[in-house]
Amino acid sequence: MFCCPIALFLWTSLKETLYLSSVPRSSEELISDVLCDSKGRRRSNLLFVFAGAMWSLWKTRNDLVFNDKVIQTPEVVIRKTMSFLMLWKKLLAEKNVHQVEEVLGEMQQACDLDCAT
């Protein structure tokens, strides 16, 4: 979830897109450094985004291992994460939907810039 090149690409992209201070290197770092603020309170919207990212990595890994699918580019994992978030956002409270839509917009812009270069 954290060390393979595709996971590192995804976490680094999310770090840049969400203006995070660091890339998580373990589940402990993800929880303590990224998902909680300086007072130890959970950032629920980030938890939602990172759940989508981890699910995307898990599904991609399973496709690779069990279905012999080849991953063309690391951007596929970002697009898959965005797809999960778009599907799941209807499960959020209305007050949180806007924040997730902003994150999705920033992820889309980052993907568009990467594809243009």
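For the structure itself, consult the block above.
On a predicted model such as this, the values are computed, not experimentally measured, just so you know. Throughout, a residue's number is its position along its own chain's written sequence, starting from 1. Totals for whole chains, interfaces and linings use all residues, but because this is a predicted model, local features are given only for residues with pLDDT of at least 70 and pairs of side-chain atoms are given and counted only at 80 or more. Excluding hydrogens and water, the side-chain figures rest on all heavy atoms present in the structure.

1. Some thoughts on unusual backbone geometry
Inference 1: Not every positive phi belongs to a glycine, and Tyr19 is a case in point at roughly 55°.
Inference 2: Its location among the elements puts Tyr19 in the loop between helix H1 (5-18) and helix H2 (27-34).
Inference 3: Taking relative accessible area as the criterion, Tyr19 reaches 69% and is therefore assigned exposed.
Inference 4: Phi angles above zero are rare outside glycine, and Asp68 is one such case at about 55°. By definition, any uninterrupted DSSP run of H or I lasting at least four residues is a helix, any uninterrupted run of E lasting at least two residues is a strand, and each is numbered from the N terminus. Throughout this description, buried means an accessible area under 20% of the type-specific maximum (1.4 Å probe, protein chains only), exposed means over 50%, and partly exposed covers the range between.

2. Remarks on the packing of aromatic side chains
Inference 1: When two rings of Phe, Tyr or Trp (its six-membered ring) have centres within 6.5 Å they constitute a pair, described as stacked for plane angles under 30 degrees, edge-to-face for angles over 60, and tilted for the intermediate range. In total, this model carries four aromatic pairs according to the counting rule given.
Inference 2: Note on Trp11 and Phe50: the rings are 5.1 Å apart at their centroids and 15° apart in plane angle, and the pair reads as stacked. Of the two residues, Trp11 sits in helix H1 while Phe50 sits in helix H3 (residues 44-66), which places them 39 residues apart along the sequence. With respect to burial, Trp11 and Phe50 carry one shared label: buried.
Inference 3: Put simply, the rings of Phe2, Trp11 and Phe50 touch in pairs and so form one group of aromatic residues.
Inference 4: Sitting over the ring of Trp58, Arg61 keeps its end group 5.6 Å from the ring centre. Charge-over-ring placement is defined geometrically: NZ (Lys) or CZ (Arg) within 6 Å of the ring centre, and within 35 degrees of the ring normal.

3. Considering the nonpolar core
Inference 1: Membership of the largest hydrophobic core comes to 26 residues, with the highest contact counts inside it found for Trp11, Leu14, Leu18 and Phe50.
Inference 2: Counting residues per element, the ones that place at least two in this core are H1, H2, H3, helix H4 (75-88) and helix H5 (94-116).
Inference 3: The element best represented in this core is H3, accounting for six residues.
Inference 4: Should any heavy atoms of two residues lie within 4.5 Å, those residues are considered in contact. Discounting residues that sit within four places of it in the chain, Leu14 has contacts with Tyr19, Leu20, Val49, Phe50, Ala53 and Met107. What we call a nonpolar core is a set of buried Ala, Val, Leu, Ile, Met, Phe, Trp, Tyr and Cys residues that are connected through their side-chain atoms within 4.5 Å.

4. Regarding the packing of H3 against H4
Inference 1: Contact geometry of H3 with H4 gives a least axis separation of 8 Å together with a crossing angle of 125°. The angle between H3 and H4 places the two elements in the oblique class. The chirality of how H3 crosses H4 is right-handed. Counted together, Phe48, Val49, Ala51, Gly52, Ala53, Trp55, Ser56, Leu57, Lys59, Thr60 and Asp63 of H3 and Val77, Lys80, Thr81, Phe84, Leu85 and Trp88 of H4 form the full contact between these two elements.
Inference 2: Classification convention: Asp, Glu, Lys, Arg as charged; Ala, Val, Leu, Ile, Met, Phe, Trp, Tyr, Cys, Pro as nonpolar; all other residues, Gly among them, as polar. Classifying every residue of the contact of H3 with H4 by side-chain character gives 10 nonpolar, four polar and three charged. Simply put, an axis is a line fit to the C-alpha atoms, just over the touching stretch for a helix, and the angle between two N-to-C directions goes from 0 to 180 degrees. For this classification, under 35 degrees means roughly parallel, over 145 means roughly antiparallel, 65 to 115 means roughly perpendicular, and everything else is oblique. By the definition used in this description, the sense in which the near helix is turned from the far one sets the handedness, with an anticlockwise turn below a right angle giving left-handed and a clockwise turn giving right-handed.

5. Notes on the environment of Leu47
Inference 1: Locating Leu47 in the fold gives a position in helix H3.
Inference 2: With relative accessibility at 37%, the residue Leu47 sits in the partly exposed group.
Inference 3: Separated by 11 residues in the primary sequence, Leu47 and Cys36 have C-alpha atoms spaced 9.1 Å apart.

6. Notes on the pattern of salt bridges
Inference 1: Salt bridge, as used here, is a side-chain nitrogen of Lys or Arg placed within 4 Å of a carboxyl oxygen of Asp or Glu. For the structure shown, the criterion picks out three salt bridges.
Inference 2: The shortest N-O distance in the salt bridge between Glu16 and Lys15 comes to 3.3 Å.
Inference 3: Linking Lys89 and Glu101 is a salt bridge whose minimum nitrogen-to-oxygen distance equals 2.9 Å. Of this pair, Lys89 sits in the loop between H4 and H5 while Glu101 sits in helix H5, placing them 12 residues apart in sequence.

Just geometry here; none of it tells us what the structure is for.
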